[in-house]
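# Structure assessment
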Amino acid sequence: MRMSFDVILDSLPQYRERIAELSEIMLANLVMIAEIPAPTFSERRRMEFVLERLNEYQLLNCSTDEAGNALGILPGEVGDRNILLVAHMDTVLPASMDHMVTIVPGYVSGLGIADNSLGVATVVTLPLILKELDIKLDSNLIVIGTARSLGRGNIEGIRFFLDNTEIPISAAICVEGVRLGRLSYSSIGMVRGEIRCEVPEEYDWTRFGAGGAIANMNEVINRIFEIPLPRKPRSTIVLNSMKSGTGFDEIPTKGSLQFEARSESGQMVHQLGETIENIAAEVASHTGAEITVEVVAQREPGGIQFSHPLAVSARRILNHLNVKPRIRPSTSELSAFIDKEIPAVTVGLSTGENLNEPDERIHIDPITTGLQQLLGLILAVDKGYCDGDE
Amino acid sequence: MEMNKWLKSNTYHHSTFRDLAELVEKKQELGITISLCIPTLNEQKTIGKEVVIFRSELMQRYPLVDEIAVIDSGSTDQTLEIASNFGADTYLASDILPEIEPKRGKGENLWKAIYQLKGDIIVYIDADIKNIHPRFVYGLVGPLIHRPEIKYVKAFYDRPLAFSQGTRPSGGGRVTEILIRPLFSLFFPELSAIIQPLSGEYAVRREVLESIPFPIGYGVETSHLLDVYTRWGLSAFAQTDLDQRVHRNQPTRSLGKMSFGIIQTFFSRLSKMNVIGNVPELNTVLRQFQVHDQEFETVEFKIVEEERPPMIEIPAYRDRVASGPTEAV
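Just so you know, these numbers come straight off a predicted model, no measurement behind them.

### Comments concerning the overall build of chain B
- Of the regular secondary structure elements, chain B holds 11 helices and 14 strands.
- Computed over the C-alpha atoms, the radius of gyration of chain B is 20 Å, within 12% of the 20 Å expected from 2.2 N^0.38 for a compact globule of 329 residues.
- Expressed along its principal axes, the backbone C-alpha trace of chain B runs to roughly 65 × 45 × 45 Å.
- Taken over 329 residues, chain B has a buried fraction of 56%.
- In chain B, 75% of the contacts between residues at least 6 apart in sequence involve partners at least 24 apart.
- Within the structure as shown, chain B displays about 14000 Å² of accessible surface, and the carbon and sulfur contribution to it stands at 51%.

Dropping the structure here:
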């Protein structure tokens with residue numbers, strides 16, 4: 001007879017004390033992971049560390065693949081299901097920055113500590129936690145640290161794995177460092193691109209006026225802000241970063257602007273992408289500058305329904321732990337699962353501040369609750385409470 | 001022992017000892033205990049991480065280390081609170097052997113650790129290491145566990161200096177290259193094979209530690225090398241490459257003070273060993289210069305390299321040893 005869902009919920013408090021005792025191991029892994037720089041496309045050293053740990057925790061099939069993912073399998077007692085536990089290993093932070101981590105009572109601070117060193121440390125440490133808690137899963141648990149997730153990485157790592165694995169995945173749980181309570185089971189449509197402006201050397205400044213690349217980019221930005229955005233489907237355009245110019249005395253001849261257009265509707269995303277390309281072409285035509293748009297990533301909207309057992313279970317577990325679920329769509333690994341019609345959720349582990357800033361930090365105490373949540377969710381999937389046909 | 005032969009047989013890389021399960025098994029077979037001592041003075045930024053990593057990896061997961069103690073010189077920041085919060089045993093150096101008038105200096109903390117800690121081997125690790133990793137400990141105790149004839153294991157590094165844009169892969173060790181290695185080459189050529197004679201990380205057997213004197217200031221590492229070498233020879237040493245150590249870079253003026261203290265220790269040893277005959281009484285004031293309102297002015301620092309006697313000569317220690325070697329104090 002399978003364990004009832006209420007029994008799973010009721011078992012979570014009993015794990016709390018032991019999980020807290022094991023948090024030292026988790027923190028040690030967190031520090032060692034966070035101090036290895038891993039900008040997207042340069043995750044090799046972090047991947048090697050993850051692999052070494054998975055090997056040490058005696059997972060099976062510990063291996064890497066062509067995309068640079070690191071994975072290992074904790075075999076289940078029955079092995080009829082395969083649960084994928086995922087954390088992206090890459091960060092948006094260059095290796096040249098100081099990745100030193102500081103631990104003081106209450107919190108851990110350092111570059112990328114929340115996004116996503118804590119997520120990686122969690123998936124790496126979880127097999128050990130399961131062993132220490134004497135939890136034996138019926139399902140196989142596949143632990144994977146993915147490479148090439150962020151920015152131009154365009155979730156290539158997890159896509160590569162899903163495109164090439166022969167293992168049927170029953171459900172996937174994506175782990176992010178923050179924020180505890182975060183729950184994503186749908187992906188929003190998204191197009192991510194870079195607009196580049198180059199003013200040619202033979203540019204006729206008397207004809208087109210002064211200003212250079214920044215002025216031209218400003219024109220593009222003004223036109224993007226004029227794009228009418230519908231309230232339904234909800235849509236938005238975010239300008240993420242801009243680079244141009246070197247200082248006084250130099251007219252900037254090059255500029256780049258990174259943007260994301262997001263919408264609940266796939267059609268709207270395509271439309272916004274096309275509109276931005278048209279704006280770039282039009283501004284180029286009347287300024288004489290070369291303005292190009294490169295699309296670097298795209299996601300189709302989708303996901304499991306609010307009433308899907310996996311989503312329901314995830315909410316029940318959070319409520320049981322007195323954490324208010326914060327449901328929001330995601331553009332991360334979740335999209336890759338949605339494309340493959342694999343039920344998946346993204347959860348957060350702790351609270352934190354200053355994401356992707358030099359003083360990024362996470363709080364230590366909530367991690368215990370975050371791990372209880374993760375255990376509950378794994379057990380719920382393991383015992384069949386998250387199957388789509390129930 | 002021929003220097004090249006020693007370099008080949010007694011120089012290790014930490015990865016040789018990375019199989020911690022095997023190392024622990026061997027340690028248990030030998031029935032020995034290992035203590036880790038972290039001397040501190042205002043190290044709140046790095047001490048938490050150091051304690052968490054060592055406790056987790058070397059006590060919880062693999063019981064290689066039997067105790068972790070922070071011995072503090074009187075920090076005015078949160079060093080002791082943080083260390084204690086994450087599970088280290090914490091001591092104020094002045095509270096250990098209170099009947100002996102306290103002195104301030106890193107060597108004092110290292111010396112008092114011999115009394116306070118229980119291990120048959122004591123590993124000393126500085127607290128200012130930014131890229132701390134379990135290899136700093138297992139790399140040093142490995143040779144002691146595997147080779148009974150080795151008594152003293154010293155760390156060496158490819159030392160990057162921390163600077164604002166990350167790290168660069170070489171540099172550091174200025175005092176070593178400008179002062180120590182030339183001195184060793186002049187008087188004790190074999191010791192010049194020790195790649196990083198001033199590194200603050202080493203693992204030593206208790207019977208050695210308790211029988212050598214401890215300068216309390218800058219000269220402690222140098223005096224250890226000279227004393228152990230004189231008594232047991234080069235073959236008692238091993239050294240382990242711990243890869244990189246990221247730490248604070250010291251300004252040249254501070255290195256001047258360090259060199260002044262080391263030279264005092266060195267010459268007093270030379271004199272005791274009758275290597276250069278009688279040395280006149282050495283001056284203890286270092287003079288450096290600074291420019292103030294376009295005038296040069298002298299800045300004087302009094303640096304006296306005081307020395308603690310071998311711990312075995314301290315009655316309280318002998319009593320403790322007599323009452324049982326593994327008795328916690």
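Structure's up, so let's keep going.
### Digging into the nonpolar core
- With 126 residues, the main nonpolar core has L85(A), L141(A), I173(A), F54(B), L64(B), V123(B) and I125(B) as its most contacted residues.
- By residue number, the principal contributor to this core is helix α1 (residues 5-34) of chain A, which donates 16 residues.
- When near neighbours in sequence (up to four residues on either side) are disregarded, L64(B) contacts L20(B), L23(B), V24(B), K27(B), I34(B), L58(B), Y138(B), V141(B) and I145(B).
- If you look at the next biggest cluster of nonpolar residues, it comprises 50 residues, including A193(B), I262(B), M311(B) and Y317(B).

### Structural notes on the pairing of strand β9 (residues 202-205) of chain B
Residues and elements named next belong to chain B.
- Side chains Y202 and V204 of β9 all project onto a buried face; the interleaved residues A203 and R205 project onto the opposite face, where all are buried too.
- In this structure, strand β5 (residues 121-124) lies alongside β9, joined through four bridges in antiparallel fashion. Directly across from V123, in β9, lies its bridge partner A203.

### Focus: a nonpolar patch on the surface
- A cluster of nonpolar side chains, F289(B), V291(B) and F296(B), forms an exposed patch at the surface whose accessible area comes to about 380 Å².
- Taking the relative accessible area as the measure of exposure, V291(B) reaches 56% and is therefore exposed.

### What to know about the interface of chain B and chain A
- Every contact between the two is made by 24 residues of chain B and, on the other side, 23 residues of chain A.
- Approximately 1900 Å² of surface area, both sides summed, lies buried where chain B meets chain A, with 56% of it carried by carbon and sulfur atoms.
- Applying the counting rule to chain B against chain A returns six salt bridges.
- Summed over the shared surface of chain B and chain A, the result is 11 residue pairs in polar contact (both at pLDDT 80 or more).
- Elements with a contribution of two residues or more to the side of chain B that touches chain A: α3 (47-61) and α4 (79-85) of chain B.
- If you tally residues by element for the side of chain B that touches chain A, the top one is α3(B), at nine residues.
- Split by residue class, the side of chain B that touches chain A holds seven nonpolar, 10 polar and seven charged.

### Section: the side chain of H99(A)
All names here are of chain A.
- Mapped onto the elements of the fold, H99 is located in the loop between β3 (82-88) and β4 (102-104).
- A relative accessible area of 6% means that H99 is categorised as buried.
- Looking at H99, its side chain comes within polar contact range of the main-chain oxygen of M97, at 2.8 Å.
- In this structure, H99 is in contact with A34, E35, P37, L93, P94 and L111, ignoring residues within four places of it in sequence.

### Description of the sheet that holds strand β13 (residues 290-299) of chain A
All names here are of chain A.
- Strand order across the open sheet formed by four strands is β11-β12-β10-β13, with antiparallel pairing between neighbours. Lying at the two open borders of the sheet, with one neighbouring strand each, are β11 (235-244) and β13. Neighbour-to-neighbour, the strand axes of the sheet open up by a mean angle of 15 degrees, direction not taken into account.
- As paired elements, β11 and strand β12 (residues 254-263) share nine bridges and run antiparallel to each other. When the bridges of β12 are listed, K243 appears paired with S256.
- In the packing of helix α7 (residues 266-287) onto the sheet, the strands contacted are β10 (189-198), β11, β12 and β13, and the crossing angle to β13 comes to about 170 degrees.

### Overview of helix α7 (residues 174-187) of chain B
Residue and element names in this part refer to chain B.
- For α7, spanning 14 residues, the distance from its first C-alpha to its last is 19 Å, which sits close to the expected 20 Å at 1.5 Å a residue.
- Of all bends in α7, the biggest is about 35 degrees, found at I180, and the proline P182 comes one to four residues later.
- Of the residues making up α7, those classed as buried are V175, T176, L179, I180, R181, L183 and F184.
- Lining the buried residues of α7 we find α9 (220-232) and α10 (252-272).

### What to know about the pattern of salt bridges
- Evaluated as defined, the whole model comprises 42 salt bridges over all chains.
- As a salt-bridge pair, E24(A) and R55(B) come within 2.8 Å of each other at their nearest N and O atoms. Taken as a pair, E24(A) in helix α1 and R55(B) in helix α3 lie in two separate chains rather than in one.
- Judged by its relative accessible area of 11%, E24(A) falls in the buried class.
- The exposure class assigned to R55(B) is partly exposed, which follows from its relative accessible area of 22%.
- Here E52(A) ties to R18(B) by a salt bridge, and the two come within 2.9 Å at their closest N and O atoms.

### Re the domain arrangement of chain A
Residue and element names in this part refer to chain A.
- Split by domain assignment, chain A resolves into domain 1 (5-187 + 301-382) and domain 2 (189-299).
- On a C-alpha basis, the centres of domain 1 and domain 2 stand 35 Å from each other.
- Taken together, the contact between domain 1 and domain 2 spans 12 residues of the former and 15 residues of the latter.
- Taken together, domain 1 and domain 2 are joined by two salt bridges.
- With its nearest N and O atoms 3.3 Å apart, the salt bridge here joins R152 to E294.

### A look at unusual backbone geometry
Residues and elements named next belong to chain A.
- For the peptide bond that leads from D115 to N116, omega is 10 degrees, which places it in the cis range.
- Structurally, the position occupied by N116 is in helix α3 (residues 113-132).
- Cis peptide bonds are those with omega within 30 degrees of zero, and the linkage from K232 to P233 qualifies with -10 degrees.
- As for its position among the elements, P233 is in the loop between α6 (212-225) and β11.
- The backbone phi angle of Q58 is positive, close to 60 degrees, even though this residue is not glycine.
- Tracing the chain through its elements places Q58 in the loop between α2 (44-56) and β1 (60-64).
- Judged by its relative accessible area of 57%, Q58 falls in the exposed class.
- Here N61, not a glycine, exhibits a phi torsion of approximately 50 degrees, which is positive.
- With respect to the secondary-structure elements, N61 resides in strand β1.
- For N61, a relative accessible area of 54% puts it in the exposed group.

### Quick notes on the sheet that holds strand β8 (residues 182-184) of chain A
All names here are of chain A.
- Ordered in space as β1-β2-β6-β3-β7-β16-β8-β15, the eight strands form an open sheet in which the pairing is mixed. At either margin of the open sheet sits one strand with a lone partner, and together these are β1 and β15 (326-327).
- Its contacts with the sheet place α2 against β1, β2 (70-74) and β6 (140-146), and it is angled at close to 15 degrees to β2.
- This element, helix α10 (residues 366-382), spans β3, β6, β7 (171-178) and β16 (344-350) of the sheet and lies at about 155 degrees to β16.

Quick notes on the rules
- Residues numbered from 1 in each chain as written.
- Chains lettered and ligands numbered in written order.
- Predicted model: local features only at pLDDT ≥ 70, side-chain atom pairs only at ≥ 80, totals over all residues.
- Heavy atoms only, no water.
- Helix = DSSP H or I, 4+ residues; strand = E, 2+ residues; numbered from the N terminus.
- Rg over C-alpha atoms; globule rule 2.2 N^0.38 Å.
- Buried < 20%, exposed > 50% of the residue type's maximum accessible area, 1.4 Å probe, protein only.
- Contact = heavy atoms within 4.5 Å.
- Areas by Shrake-Rupley, 256 points an atom, 1.4 Å probe, with all protein chains shown as cover.
- Core = buried A, V, L, I, M, F, W, Y, C linked by side-chain atoms within 4.5 Å.
- Pairing = 2+ DSSP bridges.
- Patch = residues over 30% accessible without salt bridge, like charges linked within 9 Å, V, L, I, M, F, W, Y side chains within 5 Å.
- Salt bridge = Lys/Arg side-chain N within 4 Å of Asp/Glu carboxyl O.
- Buried area = accessible area lost by both parts, 1.4 Å probe.
- Polar contact = N/O pair within 3.5 Å; in protein donor to acceptor, adjacent residues only side chain to side chain.
- Nonpolar A, V, L, I, M, F, W, Y, C, P; charged D, E, K, R; others polar.
- Axes fitted to C-alpha atoms, helices over the stretch in contact; angles between N-to-C directions.
- Expected span 1.5 Å × (residues − 1).
- Bend = angle between axes of the 7 residues up to and from the residue.
- Domains from an automatic or database assignment.

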